[in-house]
Amino acid sequence: AMGIDRIMIAAGEQEVESLDAFVVSIDGDRRKDARTLVSRLRQAGIRTDITDRQRSVKAQFRAADRLGARFVVVVGDEWDDGNVTVRTLSTGDQDTIDMKEIEAWLRSR
């Protein structure tokens, strides 16, 4: 059976947007950096979200999965070196990406 949202899309009524990236902070100390990154990605037109409060990394990954995010961008200690870790949820592949390249990297996929 076709879901109501698919019927609405077929009728041109609404567009279901999937999430490009979900930002995860490894702990509360990284929360501010994570929020900064979310703002930056959104300004670049990348559909990005984050949990509304600090939760365990596992819970944050679950939220990313539930929201259908393609990538999880992890803000951890590598942030101090100007990097983030990006995990592709469909494959589990992980890459360390330079912060200067993150928008371009996400856009090219």
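Given the structure is predicted, the values throughout are model-derived calculations rather than measurements.

**Some points on the pattern of salt bridges**
Opposite charge on two side chains permits them to pair, given that their charged atoms come into close proximity.
Stage number 1. Tallied over the full model, the rule gives seven salt bridges.
Stage number 2. Residue Arg 47 is joined to Asp 20 by a salt bridge in which the shortest nitrogen-to-oxygen separation is 3.3 Å. Note that Arg 47 is positioned in the loop between α2 (31–43) and β2 (48–49) and Asp 20 in the loop between α1 (4–10) and β1 (21–25), a separation of 27 residues in sequence.
Stage number 3. For Arg 47, a relative accessible area of 32% corresponds to the partly exposed category.
Stage number 4. You can call Asp 20 buried: its relative accessible area is 15%.
Stage number 5. Linking Arg 30 and Asp 33 is a salt bridge whose minimum nitrogen-to-oxygen distance equals 3.8 Å.
Stage number 6. Take Arg 30: its relative accessible area is 10%, and that puts it in the buried class.

**What about the packing of aromatic side chains?**
Aromatic ring pairs: the centre-centre distance and the angle between the two ring planes describe each pair.
Stage number 1. One pass over the structure, following the stated rule, counts one aromatic pair.
Stage number 2. Ring geometry for Phe 71 versus Trp 105: centroids 5.3 Å apart, planes at 70 degrees, classification edge-to-face. With Phe 71 in strand β3 (residues 71–75) and Trp 105 in helix α4 (residues 102–107), the pair connects residues that are 34 residues apart, well separated along the chain.
Stage number 3. Exposure remark for Phe 71: the relative accessible area of 3% places this residue in the buried category.
Stage number 4. Among the residues examined, Trp 105 registers a relative accessible area of 12% and is labelled buried.

Basis of the calculations
Residues numbered from 1 in each chain as written. Predicted model: local features only at pLDDT ≥ 70, side-chain atom pairs only at ≥ 80, totals over all residues. Heavy atoms only, no water. Salt bridge = Lys/Arg side-chain N within 4 Å of Asp/Glu carboxyl O. Helix = DSSP H or I, 4+ residues; strand = E, 2+ residues; numbered from the N terminus. Buried < 20%, exposed > 50% of the residue type's maximum accessible area, 1.4 Å probe, protein only. Phe/Tyr/Trp six-rings, centres within 6.5 Å; stacked < 30°, edge-to-face > 60°.

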